[in-house]
Amino acid sequence: MNAAREHGFPAVAAPRVGVPWTLVALAALLGAVLVGLLVGPVPIGVGEIARSTLARVPFLSVATPLDAAKEAIVWELRFPRVVLGALVGGMLALSGASYQGVFRNPLADPYLLGVAAGAGFGATLVIAYGPPGVDGFILPLASFAGGVAAVFAAYLIGRSVGGGRTTATLILAGVTVAAFLTAAQTFVQQQNSDTLNEVYAWLLGGLTTAGWSDVLTVLPYVAVSAAVLLLHRRTLDVLAVGDEEARSLGLDVTRVRLLLVAAATLGTAAAVAVSGLIGFVGIVVPHLVRLVVSSSYRVILPLSVVVGAAFLVLADVLARTILSPAELPIGVVTAFVGAPFFALVLRTTRSSA
Amino acid sequence: MSAVAFDSISVTAGGKTIVDGVSLEVERGEWVSILGPNGAGKTTLLRVLAGTIGFRGEASLDGRRLGRLRRREAARLVALVPQTPVVPAAMTVAEYVLLGRTPHLSPLAQEGAEDRAAAAAALTRLDLDGLADRELGSLSGGELQRAVIGRALAQAAPILLLDEPTTALDIGHQQQVLELVDRLRREEGLTVVAAMHDLTLAAQYGDRVVLVDRGRVVAEGSARDVLTPERVEQLYAARVRVVDGVVVPVRER
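Visitor: Just checking my understanding: could you explain unusual backbone geometry for this structure?
Guide: Among all residues except glycine, the phi angle is most often negative; among peptide bonds, the trans geometry is most common. All names here are of chain A. Within the chain, Phe-59 stands out as a residue other than glycine whose phi angle is a positive 70°. Here Phe-59 is to be found in the loop between helix H3 (46-55) and helix H4 (68-102). A positive phi is found at Phe-280, a non-glycine position, where the angle reads about 75°. Structurally, Phe-280 can be placed in the loop between helix H12 (253-275) and helix H13 (281-292). You can call Phe-280 buried: it has 22 C-beta atoms within 10 Å.

Dropping the structure here:
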């Protein structure tokens, strides 16, 4: 910086996540993963997990200290659950941050355009009318299809009204579609009261059935969606000056918005398909980053992924230990932490505006 | 070759004709002020120039057909200083000026050394060095206007569009901003097209004025020739006197 000043110009740098915050975020994620692996009804120590991990590295002659049952608990139960929590949490936080940027609306979350209502309707249909026993395969598919279809419908309605040029019509179309599908979902739910509990549990979210197959199901969608969104982090900073000015800066606003909404929707729908509706991660995490680190999306997007992952892994640990051996729906935990925080965010943004 | 050539440009929105067959030529390095009462179509004309709305007719920038230019190419030719910029309050002045480099970056790229140097030079040119790390939300009206012009300068486009650049400023800052634009025009060889509200200032800056009303050009030429008391009184429904080429509103007694 001093060198630049000596040349007579002020130092100008594009905003980015610095090394300290990268380390802090990664440390938080690592800590969360460790807690996720360690905490559970069967006590397994850090050292044992570390040596069991080394035993899995090829060409290292380390023997695992765990018996077959404990090996299975760590590698087939806890680890996939932790990885799934990280994927879902990171994806929801990233989608939320992207929606906030695309719509220039601090209260936008990944469910703004009706993903949640559509996924809920799809899942409820399968639970109510589907043959018992095939839920594990069809349920994620139906909720994914429902979520994507809902946003697509919202986009078509918004475009037919406002030509896709204004965000307000798109948001209103999303609200309309969400209201309609929620009504349809509630109707189906009430008509099939025998499955009420199952529907209700799904709506509140959970990583209960997590295994490696769930991880592999969402991974491709999350990877593609996250890559597209993260690559557009500077574009979101340009959109912060509004549609008209972003156009005058050379951005094809309509096309970019469609692309980002599509990517965020795809990732969110995949996450929702395996975990149900987990609220607040998509709002709380980006705002935490915004308040503490920077308002640039070049900082918010990458940090939200890591912090969102850590947050949901820890929330899941709480969800499965507080009432152990019963499980609390994870949506209850995130909202319980999220709601008071949300109130704080509102207070802070209001007083600084 | 002219910097701007409009041949019977029309714009309709919601069944209403906002710009109606406007033809206009602006030479390179020239300052043309577009004048007219509220709703005359001044801002819409600038939007056509900036390429942010659709239109009918033939328009070219630096000899290149506007309809054929891609968004990014148009943004490398024309920079816009909007009347009421959208201000991301927590963004720093330096980050904001860097956004001006957008049309020079490939879509997914981050700014390189050249872009940072261009932004730094723009900050210095606008005397914003000391404000580089300040958040936009904490600036005064005059400082903010300089930041917006700084972004336009970093855009390095040969044509600069100003939409009522003095509206939110006091009389001293109005003069400072227009002097600054005039200096940049001479030193950087910019072409300036400005929509102006204030006839007094418009008469003192720029080479030529174009008077528009209801989407049509009513008169164009030097401010002295165009701004006659009769024309101004009729178009603006005002009572004025013109003293030494300067329009002065007077109160009927």
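Visitor: What should I look at first to understand the environment of B:Gly36 in this one?
Guide: Residues and elements named next belong to chain B. Within the fold, Gly-36 resides in the loop between strand S3 (31-35) and helix H1 (42-50). Expressed as a C-alpha distance, the spacing of Gly-36 and Val-210, which sit 174 residues apart in the sequence, is 8.3 Å. Dropping the residues within four chain positions of it, Gly-36 is found in contact with Lys-42, Leu-211, Val-212 and Asp-213.

Visitor: What should I look at first to understand the interface of chain B and chain A in this one?
Guide: Much of the literature gives interface size as the accessible area that the parts lose upon coming together. Each side of the interface is counted separately: chain B has 29 residues, and chain A has 25 residues. For the side of chain B that touches chain A, the secondary-structure elements that each account for two or more residues are helix H2 (71-77), helix H3 (93-98) and helix H4 (113-125) of chain B. If you tally residues by element for the side of chain B that touches chain A, the top one is H4(B), at six residues.

Visitor: Hey, could you run me through the nonpolar core in this one?
Guide: Taken as a class, soluble globular proteins show a tendency for nonpolar side chains to be buried jointly. Core analysis: the biggest nonpolar cluster contains 191 residues, and B:Val78, B:Leu161 and B:Val193 have the highest contact counts within it. Broken down by element, this core gets its largest block of residues, 17 residues, from helix H14 (residues 297-321) of chain A. Leaving out residues up to four positions away in the same chain, B:Val78 has contacts with B:Leu49, B:Ala50, B:Gly51, B:Leu61, B:Ala157, B:Ile159 and B:Leu161.

Visitor: Would you mind going over the packing of H4(A) against H12(A) with me for this structure?
Guide: The axes of two packed helices give the description: the angle between them and the distance between them. Residue and element names in this part refer to chain A. Where H4 contacts H12, the two axes come as close as 9 Å, and the packing angle between them is 150°. When the axes of H4 and H12 are compared, the pair comes out roughly antiparallel. For the pair H4 and H12, the sense of crossing is left-handed. Every residue of H12 that contacts H4 at Leu-84, Val-88, Met-91, Leu-92, Ser-95, Ser-98, Tyr-99 and Val-102 is listed here: Arg-257, Leu-260, Val-261, Ala-264, Gly-267, Thr-268, Ala-271, Val-274 and Ser-275. Taken together, the residues that form the contact of H4 with H12 break down as 11 nonpolar, five polar and one charged.

Criteria and thresholds
- Residues numbered from 1 in each chain as written.
- Chains lettered and ligands numbered in written order.
- Predicted model: local features only at pLDDT ≥ 70, side-chain atom pairs only at ≥ 80, totals over all residues.
- Helix = DSSP H or I, 4+ residues; strand = E, 2+ residues; numbered from the N terminus.
- Buried ≥ 20, exposed ≤ 12 C-beta atoms within 10 Å, placed from the backbone.
- Contact = placed C-beta atoms within 7 Å.
- Core = buried A, V, L, I, M, F, W, Y, C linked by C-beta atoms within 7 Å.
- Axes fitted to C-alpha atoms, helices over the stretch in contact; angles between N-to-C directions.
- Parallel < 35°, antiparallel > 145°, perpendicular 65-115°, else oblique.
- Left-handed = near helix turned anticlockwise from the far one by under 90°.
- Nonpolar A, V, L, I, M, F, W, Y, C, P; charged D, E, K, R; others polar.

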